[in-house]
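Each chain, written out:
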Amino acid sequence: MDPDTLLLITSVTGLVTADVVTTEATPRQRLERTLAALLDQLLGWARQRPVLVVVEDAHWLDPTTLELFDQALGRTARMPVLILLTSRPDTLPQLSTHPHLTRLTLNRLSREATARITSDVVGTPLPPHITEMILDRADGVPLYAEELARAVLDARTDDELDHPLHAGAVVPLSLQGSLMARLDRLGPAKEVAQTAACIGREFDHALLAEVTALPKADLTQAMDRLASAELVFRRGTPPEVQYTFKHALLRDAAHESLLRTRRRSVHQRIADVLDQAVTQGAEVSPEVLAYHCEEAGAPEAATRHWLAAGKRNARRGANVEALRCLERALRNLKGLPDTIDAKRLELDVQQARVPVLMSFGIADQQTAESAERALALCEELEVTDRVLPLLFSQFSYCMALARLRQALEIAHRIVGLGESSGETLPQLVGHRAVGFCWSRMGDLPVAERELETAVRLAGTVEAPDLAFEFGHDLGITARAYLGDVKLLRGELAHGRRLAAEALDDAKRLDHTLTLAVILRNTSVFEALVGNCHKAQTLASALRDLCVERDVRQWRYLGELLSLWASFRAGQDVTLDQIWEAFERQQESGFLLDTPVNLMLVAEACFAAGDHGRSDRMLQEALTLVEATGEIWVRPELHRRRACCALAATNASTQCAERWLSNALHEARRQGNRVAELRVSHDLARLWVERSECWKAQDLLAPTCGWLAECSDLHDLPEARALLDAPPVA
């Protein structure tokens, strides 16, 4: 194994810190390389001999480990590898669908099979009345049968076993009773087992020695006793010995057998030992420290460690794990008195939680509530320097719900913060937000000016963690938004260069929501200007990213845009598929650009010959535009209504001309030269058909001149052809 691969694996297993690994790679890239390295090891073994991989208690797998085995199922399809995962039936691991994946439900054992287990444990057949009682109480569960049989073997003499009257006392009533009986017979080793259970199902000798503070000989004797009783399994040689409780239920029984006060003190002792190890340079997972503080009844320390764990997971792109840790932090906060310090700590947790929630759903109510609570805490604590990311979260929430006017008010408030303080960061955030609002509200020159200001300011801000603080990278997304505006303004080469640079930077950063934002926005704009191939490429990448990294809000937007582009390309896609993707996207709660999405569905209906349905959808989209303020799409909606008017059974050129005239006026007002070209082309064609060629040429000449370099706009060659065509006699 090469040194870089070894570093990746030791980092993910906690043997070295992530900082030791090359810093050129982003957290997600490191994770992907680590998973690839582990799978390469597995495939390397499989090339030499068949490999069996057994994963017990798969219901406890964390999302990252589950991703590893999901990928393994895909990469080992044609290799001599058998992966066996066992899980509780009510909490099955969520794996992707693989054709070679088989799910087997294990039923309870028959009485005959259960009887064989009891005989194997005892070594000789038990008296019939004892066997029958074990079979009744085990109820076909192998672990229960084994433990009950062992309890019978350890607890009573042969004379008692033979006597039917003593059978009820000999056979414990439950598994818990059996496990407790075995622990009680350990003598002094019972306390060691209880302390070990507080550490966890797996524990090492060195930590146990530190926590118990027993003489070396006494601890060794106790562990020998536990191992010989088959309560724990031992691996390795002293002093690097690792132990594992035989079963999680056995560990739980030992843990719960401690009185609450004693159990808390043991967990506190473990936390103290681990804290001391951290101060001496050891790498201890904050989740482990948080758990022991939680069990010790120390909610403040537990909250701080869960917060640290959440931040660490967020930085490595593990947002599911990050959110779980931050939720645990909030639960522990409830155990603190209502003090200023507790509120400051809650503010830390809520502020870390907001950008993580945004990765799952910018428009989710939970995201908004978390930001509102954090803002209220800022006001109560008179903390003004932490308001900015929270205001930006509220802005993003309003934008996601297509509340553009409300979003613009927040954007101007952010600009005001920057102007009053003289700080660059709030000015960057504010101008970017204002520019994005106007790009949708139909004033492209203002949007262009604001976004150019944001891009310029982004070059002066040195803050590498902005993506984690604000939910996505502000500088990269500002450049992408500016590229989209340049595109509509007719500067296609400049716009596409900005968009491509932003996409490349987002891929290098590999921050999930940053990359998703750029793919979403750019694919929508490419669809709007009619570049189906580019839109499909970007939309497919968006869909795949959302599936892979659980970005729920745009999963079906990527699907919708990809299906629309495939339909336009003549591929085998049905209207029902497109409509279903549209409805699923609406269900996500992210409502911005709904008029655009509805317009694309309408276009597919028009292409399929259902002109009436297409026109009704366009009317609905125009109604939405008036309600939300998404004026930028109005010229294209008017243009497409004109197409429907011309395609109607009682085709009305006057009606179509009125729609096109409205569209042209709106496109010019907005400064949208791409829309102006498309509308002018349709209107000029209508005039040519009416032998009004001079009007068509007067209309097209300036527009074609502005867009002379836009060779990939499919309307431009057709417009030039109309412009150059000889007058109709």
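Each remark here, short or long, concerns the structure printed above.
Residues numbered from 1 in each chain as written. Predicted model: local features only at pLDDT ≥ 70, side-chain atom pairs only at ≥ 80, totals over all residues. Heavy atoms only, no water.

1. Remarks on the pairing of strand β2 (residues 81-85)
Item 1. As defined by bridge partners, strand β1 (residues 51-55) adjoins β2 across five bridges and the pair is classed as parallel. Of the residues in β2, the one forming a bridge with V51 is V81. (Pairing = 2+ DSSP bridges. Helix = DSSP H or I, 4+ residues; strand = E, 2+ residues; numbered from the N terminus.)

2. Thoughts on helix α25 (residues 474-488)
Item 1. Look at α25: 21 Å from first C-alpha to last across 15 residues, which is about the 21 Å you get at 1.5 Å a residue.
Item 2. Here α25 lies mainly inside the structure; 15 of its 15 residues are buried.
Item 3. Between a side-chain oxygen at the N-terminus of α25 and the backbone nitrogen of G475 the separation is 3.1 Å; the capping residue is D473.
Item 4. Just downstream of α25, G490 is the residue with a positive phi angle, here 100°. (Expected span 1.5 Å × (residues − 1). Buried < 20%, exposed > 50% of the residue type's maximum accessible area, 1.4 Å probe, protein only. Polar contact = N/O pair within 3.5 Å; in protein donor to acceptor, adjacent residues only side chain to side chain.)

3. A closer look at the nonpolar core
Item 1. Formed by 130 residues in total, the largest nonpolar core has its most connected members in F395, M399, W554, I578, W632, V633 and L637.
Item 2. For this core, the element with the most residues is helix α27 (residues 512-528), which contributes ten residues.
Item 3. In contact with L637, other than residues within four places in its own chain, are P595, M599, L618, A621, L622 and V625.
Item 4. Core analysis: the next-biggest nonpolar cluster, separate from the first, contains 35 residues, L219, V241, F245 and L289 among them. (Core = buried A, V, L, I, M, F, W, Y, C linked by side-chain atoms within 4.5 Å. Contact = heavy atoms within 4.5 Å.)

4. Some points on the sheet that holds strand β3 (residues 202-204)
Item 1. Taken together, the three strands give an open sheet; going across it, the order is β3-β5-β4, and neighbouring strands pair in antiparallel fashion. Looking along the sheet, the strands with just one partner apiece sit at the ends: β3 and β4 (232-235). Between one strand axis and the next, the sheet turns by 25° as a mean value, whatever way the strands run.
Item 2. Of the pairings in the sheet, the one linking β4 to strand β5 (residues 242-245) comprises four bridges and is antiparallel in character. Following the sheet pairing, R234 is matched in β5 by Y243. (Axes fitted to C-alpha atoms, helices over the stretch in contact; angles between N-to-C directions.)

5. Let's talk about the packing of helix α10 (residues 189-199) against helix α14 (residues 260-279)
Item 1. Viewed as axis vectors pointing N to C, α10 and α14 meet at an angle of 60°, and their least axial separation amounts to 9 Å. Of the possible angle classes, the one that applies to α10 and α14 is oblique. Crossing angle aside, the handedness with which α10 passes α14 is right-handed. Where α10 abuts α14, its residues E191, T195, C198 and I199 lie against R262, R263, V266, H267 and I270.
Item 2. Taken together, the residues of the contact of α10 with α14 break down into four nonpolar, two polar and three charged. (Parallel < 35°, antiparallel > 145°, perpendicular 65-115°, else oblique. Left-handed = near helix turned anticlockwise from the far one by under 90°. Nonpolar A, V, L, I, M, F, W, Y, C, P; charged D, E, K, R; others polar.)

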